[in-house]
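Summary of structural features
Residues per chain are reported as follows:
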Amino acid sequence: MKSVITGSGIGIPKNVVKNDILSRLMDTSDEWIRTRSGVEERRYADDGEGSADLGIIAAQNAMNAAGVTTSDIDAIVFATMTPNFYFPGNGPLVQAKMGFAEIPTYDIRQQCSGFLYALDLADSLLQSRKYKRILVIGADVHTPLMPWHRGWEVTITKDDREIAKEDYEFNTKIRDRTVLFGDGAGAVVVEASENGDRGLLAAKLFTNGSNIGALYMKGGTQKRPMLTPEAVVNGDLIPIMEGREVFKQAVSKMPEAVRAVCETAGVSVSDIDVLLIHQANLRIIEAVAKQLALPPEKVPHNIERYGNTTAGTLPILFHECVQDGRIKPGMLICFTALGSGLHWGAALYRT
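These figures come from a predicted structure and were not determined experimentally.

Conventions we followed
Numbering of residues begins from 1 in every chain and follows the order in which that chain's sequence is written. Only residues with pLDDT of 70 or above have their local features reported here, since the model is predicted, and side-chain atom pairs are shown and tallied only from 80 upward, although totals for entire chains, interfaces and linings are computed over all residues. Water and hydrogen atoms play no part in the side-chain values, which are based on all heavy atoms of the structure. Numbering of helices and strands starts at the N terminus; helices are DSSP runs of H or I of at least 4 residues and strands are runs of E of at least 2. Working definition: with a 1.4 Å probe on protein chains only, accessible area under 20% of the residue-type maximum means buried, over 50% means exposed, and in between means partly exposed. Counted as a polar contact is a pair of N or O atoms within 3.5 Å, where, for protein atoms, one must be capable of donating a hydrogen and the other of accepting one, and residues adjacent in sequence contribute only when both atoms are in side chains. In what follows, a contact means two residues having at least one pair of non-hydrogen atoms within 4.5 Å.

A word on the side chain of Asn15. Here Asn15 shows up in strand β2 (residues 15–18). The class for Asn15 is buried, based on a relative accessible area of 9%. A polar contact is formed between the side chain of Asn15 and the backbone oxygen of Tyr44, at a distance of 2.9 Å. Among the polar contacts made by the side chain of Asn15, one reaches the side chain of Asp46 at a distance of 2.8 Å. If we skip the residues at most four places from it in the chain, Asn15 touches Arg42, Arg43, Tyr44, Ala45, Asp46 and Ile156.

Structure representation (structure tokens):
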């Protein structure tokens, strides 16, 4: 028995934010952002639109593609680091708003590796024979982490007002992070199948918490109180990232994981038809592809249009590649990601 993806879908906010708009908020430019990250534009969710809401759109599209309804789904796995509420997670929101029966929902938080972990969890649940069909969602909205009191509302409202000097200077200090991220969701329907060679072949997942400082966010339940007005003003909700260290880890750990999963499955890296890499930075994507000696045509990317949507990047990219024919039946697909934790890994899938 193998776990087969029978349908995919995405949920993308309507607000397109190009690099030039961000240059009004901070000392940056389209050229500066493109050169360092490859990002040309990203999508921002509206106020009141959370990761669960985008996930629901993606989920409905995936179910439509799979030709199933809510009554056909046995469980939901939702990967996000930005749930609508601190608690509960997004699973119950999806269950209630979409009208599912009282099925179990799993909320997991492995950040940029979230979808990879969710796919492996779904496979494990299907292999256990507890369920026959699982809805897997990866979604994140980063806009709530941005300092909207520093003039960020102009990115959506297109307000022509001038940004205050002190806000402009504050935004410039965090430009290395804020220009990278966007909002988005992807989902897949995964079901047990004993018909042919299609399905998830192998996965190798890893965690090393000794380097949490490379990518994390301040605050949490160790603070008394957990959140203060000063923390918001000071930008403590903005992720902290050591860019060089994350780059170093990404371009070494992801290729290692890809080689490891290929060895487990008894295939070579050169057998991979399409490598889907977490869309964090175009320079990372290019470096990983070079490490694995895979040509550009085998390594698609869409970071230029969406930025980093964290748990949303892999399912969004997978869906787009299926839709435009870059992924065809019978192909060997490899998913790989690295993110905060640090969590990383790779999975092989035969379409």
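The discussion continues.
This part covers unusual backbone geometry. Here the amide bond leading from Arg224 into Pro225 is cis, since omega sits at -5°, within 30 degrees of zero. Relative to the elements of secondary structure, Pro225 occurs in the loop between β9 (215–216) and α9 (229–234). In this model, Gly341 is joined to Leu342 through a cis peptide bond whose omega is -15°. Looking at the element boundaries, Leu342 is found in the loop between β12 (332–339) and β13 (343–350). Despite not being glycine, Gln111 shows a phi value in the positive range, around 55°. Checked against the element boundaries, Gln111 lands in the loop between β5 (105–108) and α5 (114–127). In this structure, Thr310 is a non-glycine residue whose phi angle is positive, near 55°. Mapped onto the elements, Thr310 comes out in the loop between α12 (303–306) and α13 (313–323). Among the residues examined, Thr310 registers a relative accessible area of 1% and is labelled buried.

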